[in-house]
Amino acid sequence: MKKELLAPAGDIEAGYAALHYGADAVYLGLKHFSARATATNFDEEELNEFVGYAHAQGKKVYAAVNTLAEENELPQLLQSLDICSRCHVDALIVQDLGVARIAREQYPELELHASTQMAVHNREGALVLQKAGFSRVVLARELSLPEIKDIASVPGLETEVFIHGALCYSYSGLCLFSSLECGRSANRGKCLYPCRSSFAGEDGNKHYFSMKDMALKGDVLKLPVTSLKIEGRKKNALYVAAVTDYYRRILDGKGCDGEREENIRQIFSRPWTEFYLRGKDKSVVEPDFVGHRGLPMGHIAEVRKKSICLTISHAVARHDGIQIDVPGEERPFGFSLLGLKVNDKSVFEAEAGDRVEILLPPGAPVLVKGLPVYLASSGRVKGAYDYLRPRPGEYRLRQPVDVEVTVQRDKIFACAMGERVEETGEFLPAKDAVRTNEAIRSAFGKTGDTPFTLRRLEIRNPDGLFAPLSLLNALRRSLYDRLKPDVKTTARPPAVDKPFAGARGKWIVRTDKPASLAEIDLTQADEILVLLSPDFDVEELKILPKNKVRLELPAVEPRPARFAETVRRLLDGGYKKWEIGNWWGLNVLPDKGVDVSFGASLYTLNTQAVQAAKDMGAGRVTLSAEDCLDNMQKLAETSPLPVVLPVYQDAPLFTSAVCVRANPCKDCPRGEKWLKFRRDGKEYPVLSKDCRTMLFAAAPLCFAAEAPRVGAAFYRVDFVYKPYSPAAAAAIWQRVRGFADVPGAGKGNLVSGGNF
């Protein structure tokens, strides 16, 4: 099976570079609803031009409309989808169920690809999204080769995997760190990457959560998937060109090219990793430095007053960028090379193997012998990746237009798309009527910079009259100026069911340790939500009133088969109420006979998403911890399903498949272990359990004071993940049920007004 090489384009230049160097398809974002909101992205004119150019070469273009949309953003979302339709993109990459529903119903010509933000990490989840109308699933980055092969074997489903580029410490879509701590949501394209910061932890100040870059190199040939994806919509055209060229050669059977690999490292690179392709690996984090280093070119052999000396392993020239790792500094010390000597003679460039003296700029830090030196920017490499660009307007997608031109003795007029323009005068018989008609055809065939192309021209000139070319050109300009493109516009989203009209103000208590509820008067709870885990002892459920229990399947489970027997036993035991935190849960549970609710990690920030959840069998949905008060109120009022508002919770800031423990895997007990990290005066408890890591804020979130303004069908109080004594849980339960905040608790984005 021929694999698609899919390259990123943060702007049109990167797109042209990707196509020139062998990409089969390009993915890009528009100005809104892109998970790389800070990239340049594409406006309609650029998208139109680029899609036309790509399609002329037989290549595809996918638009990433892959952020979560609030209710009041749906009209703007429709405008973005209109643009995608008008410009004939080949598919939409989406995270939001509401975006998917709108696209399915009103833009059926656009294929749907499930973004990696949907956290599909097992076969069961992929099957659910295939049933929901997705033709392709972009798999979670954390998967091993056997896991990828298992999902890729689903009949009729395209699969896409990342092969190169930046990695997130968290599962994509399950990270609220930037949102709740910085007010900028990764799920809405605004991540500030706080995970790459330095934290104080067990091993001192390090970047415990800063990942290396993925680079699968020749292993891409082992992947039985539809599409191989390069990350990098925030990278420049040079980077896109170099990485695309490197993998194109591999796919074409030319092998891994060492020189091209070095070019990539020089242009931009953190240290490389295969991540978990061959199984669990603890060396996927780079704890000592962040950001771009470059290509290693040697170590300092001598430090002089204003210069350093070393023997270089790669050619270097004046004005190239140099970086040096400096102990105690988060980022390398970088500068432009302005002075270079070989054998005490100033030179413009030096060759590999030369011993060189490099002049240091004023203000350089203290450097010592042995420090590594990197080539971080090279003029030679910059000149090695030229690429073709079309002439502006050459491949613009234009709307076909039919024009009718009539010549009469006292006037000439032209009609198209319901518009008519005319010129009056005296028109006499032509000496050569055929040449006159040719002139008319030539004049109206020139559509210039207009958004039209002439499809059919009907000339009515029965008397063979003559019309001057200057007049014909004026008539054409006047006509095309008056025409407006037949733009597809969607005034409103598809209809949703009537708002939920049932009882409101019920209470849910949630736990993963039933014993922690021992001092709570459970007659006050309308429901008890119990989060299951593979090692959960179902005997613990016996202390709870069975008629109130709803069982929850977790958001991350690489091997759902571990739950199969537990789910079967509980179903047979009469437990018919369930909640899911990921798509795989719908596959594990039976289609009928159960009451299923959607957890907060299955995001529903708009009524279209709620309706989609209802269509998939959900009986209620849960509001996200990162949502704002205004949007919560709108959903509670207009949602076709009852909504749950968690009023007290320890929301995971991220959930990661990467273990944070320092000990070797072979010596690890793998049980629950709590660690403490600090950054900028804040403490972050970290739960390490079963090779997984969850980061929390020190203080919980509490929306109790604002909850009555939301008017949700259910209010929920969580005692999950962190340890709670029965007495502490009971005290919080009583306080929050009185709509009183817990002292010291956070509010997240509650009062952000939707700008998170």
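Residues numbered from 1 in each chain as written. Predicted model: local features only at pLDDT ≥ 70, side-chain atom pairs only at ≥ 80, totals over all residues. Heavy atoms only, no water.

K.L.:
Hey, could you run me through the overall build of the protein in this one?
P.N.:
Across its full length, the protein carries 18 helices and 40 strands. Its C-alpha atoms give the protein principal-axis dimensions of about 105 × 85 × 45 Å. Across the 756 residues of the protein, 56% fall into the buried class. A separation of at least 24 residues holds for 70% of the contacts in the protein among residues at least 6 apart in sequence. Per element, the accessible surface of the protein, about 30700 Å² overall, is 50% carbon and sulfur. The distance from the centre of the 102 positive side-chain charges to the centre of the 97 negative ones in the protein is 1 Å. (Helix = DSSP H or I, 4+ residues; strand = E, 2+ residues; numbered from the N terminus. Buried < 20%, exposed > 50% of the residue type's maximum accessible area, 1.4 Å probe, protein only. Contact = heavy atoms within 4.5 Å. Areas by Shrake-Rupley, 256 points an atom, 1.4 Å probe, with all protein chains shown as cover. Lys, Arg positive; Asp, Glu negative; His and termini not counted. Charge placed at Lys NZ, Arg CZ, Asp CG, Glu CD.)

K.L.:
How do you make sense of the sheet that holds strand β15 (residues 307-311) when you look at a structure like this?
P.N.:
Either a parallel or an antiparallel arrangement is found when strands of a sheet pair, and the pairing is made through backbone hydrogen bonds. Reading across the sheet, the five strands line up as β14-β15-β22-β19-β20 and stay open at both edges, with antiparallel pairing between neighbours. Lying at the two open borders of the sheet, with one neighbouring strand each, are β14 (302-303) and β20 (345-346). Summarising the sheet, β14 and β15 pair through two bridges and their orientation is antiparallel. Paired with E302 across the strands is C309, a residue of β15. (Pairing = 2+ DSSP bridges.)

K.L.:
How should the nonpolar core be read in this particular structure?
P.N.:
Within soluble globular proteins, side chains that are nonpolar generally end up buried alongside one another. Core analysis: the largest hydrophobic core is formed by 200 residues, its most contacted members being L92, F209, F598 and F719. Among the elements that take part in this core, helix α8 (residues 237-251) stands out by supplying 10 residues, more than any other. Residues in contact with F719, not counting those within four places in the same chain, are V509, R510, T511, D512, S516, L517, I520, Y648, Y724, A729, I732 and W733. If you look at the next biggest cluster of nonpolar residues, it comprises 23 residues, including I308, L337, I358 and V373. (Core = buried A, V, L, I, M, F, W, Y, C linked by side-chain atoms within 4.5 Å.)

K.L.:
For this particular structure, what's the right way to read unusual backbone geometry?
P.N.:
With a phi angle near 65°, F33 is a residue other than glycine that sits in the positive phi range. Considering the arrangement of structural elements, one finds F33 in the loop between β2 (25-29) and α2 (44-56). The residue Y193 is not glycine, and still its phi comes out positive at about 55°.

K.L.:
Teacher, can you tell me more about the sheet that holds strand β13 (residues 295-299) here?
P.N.:
Taken together, four strands build an open sheet; the order of strands is β13-β23-β17-β18 and the sheet is antiparallel. In the strand order of this sheet, the two ends are held by β13 and β18 (333-336), each with one partner. Taken over all neighbouring pairs, the strand axes of this sheet differ in orientation by 30° on average, direction set aside. One ladder, built from four bridges, connects strand β17 (residues 321-324) with strand β23 (residues 372-377); its direction is antiparallel. Note that in β23 the partner of I322 across the bridge is L375. Contacts from helix α9 (residues 258-267) reach β13 and β23, with the element oriented near 90° to β23. (Axes fitted to C-alpha atoms, helices over the stretch in contact; angles between N-to-C directions.)

K.L.:
I'm lost on the pairing of strand β38 (residues 692-695) in this one. Help?
P.N.:
Where a strand is regular, its side chains alternate between the two sheet faces. Of the two faces of β38, both are covered, the one formed by R692 and M694 as well as the one formed by T693 and L695. Two strands pair when backbone bridges link them, and strand β37 (residues 682-689) and β38 are joined in this way by four bridges, in the antiparallel orientation. Looking at β38, one finds that S688 is bridged to T693. Here β37 hands over to β38 after two residues, with D690 in that stretch at a positive phi of 55°.

K.L.:
Help me out: how do you make sense of the pattern of salt bridges in this one?
P.N.:
Pairing is possible between side chains of opposite charge, provided their charged atoms come close. Enumeration according to the criterion identifies 61 salt bridges in this entry. A salt bridge links R136 to E4, with the shortest nitrogen-to-oxygen separation between them at 3.0 Å. Here R136, found in strand β6 (residues 136-138), pairs with E4, found in strand β1 (residues 4-9); they are 132 residues apart in sequence, far enough to count as distant. You can call R136 buried: its relative accessible area is 2%. Look at E4 and you get buried, because its relative accessible area is 11%. (Salt bridge = Lys/Arg side-chain N within 4 Å of Asp/Glu carboxyl O.)

K.L.:
Explain the packing of α8 against α9 to me, please; I cannot follow it from the model alone.
P.N.:
Geometrically, a packed helix pair is captured by the angle between its two axes and the distance between the axes. Following both chains from N to C, one finds α8 and α9 inclined at 155°, their axes separated by 9 Å at the closest point. Our classification of the angle between α8 and α9 gives roughly antiparallel. Every pair of crossing elements has a handedness; the one defined by α8 and α9 is left-handed. Across the interface between the two elements, L238, Y239, A242, V243, D245, Y246 and R249 of α8 pack against R260, E261, I264 and I267 of α9. Looking at the contact of α8 with α9 residue by residue, the classes come out as seven nonpolar, no polar and four charged. (Parallel < 35°, antiparallel > 145°, perpendicular 65-115°, else oblique. Left-handed = near helix turned anticlockwise from the far one by under 90°. Nonpolar A, V, L, I, M, F, W, Y, C, P; charged D, E, K, R; others polar.)

K.L.:
Teacher, can you tell me more about the environment of R409 here?
P.N.:
Considering the arrangement of structural elements, one finds R409 in the loop between β24 (399-407) and β25 (411-416). Along the backbone, R409 and G425 are 16 residues apart, and their C-alpha atoms lie at a distance of 7.7 Å. Discounting chain neighbours no more than four positions away, the residues touching R409 are G425, E426, F427, P429, D463 and L465.

K.L.:
Whenever I open this one, the packing of helix α4 (residues 97-106) against helix α15 (residues 607-615) confuses me. Can you help?
P.N.:
Taken N-terminus to C-terminus, the directions of α4 and α15 make an angle of 80°; their axes are 7 Å apart at the nearest point. Between α4 and α15, the angle falls in the class roughly perpendicular. For the pair formed by α4 and α15, the contact residues are L97, G98, R101 and I102 on the first element and Q608, A609, Q611, A612, A613 and D615 on the second. Split by residue class, the contact of α4 with α15 holds five nonpolar, three polar and two charged.

K.L.:
What am I meant to see in helix α5 (residues 123-131) here?
P.N.:
Each full turn of the α-helix corresponds to 3.6 residues, which orients residues three or four apart in the same direction. Among all positions in α5, only G125, A126, V128 and L129 are buried. Seen along its axis, α5 keeps its buried residues to an arc of 160°; they face one direction. If you follow the buried residues of α5, they end up packed against β5 (111-114), β6, α6 (145-152) and α14 (584-588). Phi turns positive one or two residues past the end of α5, at G133, with a value near 110°. (Arc of directions from axis to C-beta.)

K.L.:
So what exactly am I meant to see when it comes to the side chain of E4 here?
P.N.:
A polar side-chain atom of E4 sits 3.0 Å from a polar atom in the side chain of R136. The residues contacting E4, other than those within four sequence positions of it, are D24, A25, K60, Y62, R136, T226, S227 and L228. (Polar contact = N/O pair within 3.5 Å; in protein donor to acceptor, adjacent residues only side chain to side chain.)

K.L.:
Teacher, can you tell me more about the state of the cysteines here?
P.N.:
Throughout the structure, instances matching the rule amount to zero disulfides. The thiol of C659 is not disulfide-bonded; the next cysteine sulfur, from C668, is found 5.6 Å away. You can call C668 buried: its relative accessible area is 18%. (Disulfide = S-S within 2.5 Å.)

K.L.:
Is there a simple way to explain the environment of K722 in this structure?
P.N.:
Mapped onto the elements, K722 comes out in the loop between β40 (714-719) and α18 (726-737). Residue K722 is classed as buried on the basis of its relative accessible area of 12%. Distance in space between the C-alpha atoms of K722 and P493 is 41 Å, their sequence separation being 229 residues. Residue contacts for K722: discarding those within four places in its chain leaves D650, W674, P685, F696, A697 and A698. A polar contact is formed between the side chain of K722 and the backbone oxygen of A698, at a distance of 3.3 Å.

K.L.:
I'm lost on the pairing of strand β7 (residues 158-165) in this one. Help?
P.N.:
Most of β7 is tucked away: seven of the eight residues are buried. With three bridges connecting them, β6 and β7 associate as parallel partners. Bridge pairing in β7 links V138 to E160. Two strands pair when backbone bridges link them, and β7 and strand β11 (residues 227-230) are joined in this way by four bridges, in the parallel orientation. Bridging across to β11, E160 finds its partner in S227. Strand direction decides the pairing type here: β7 and strand β10 (residues 213-215), joined by two bridges, are antiparallel.

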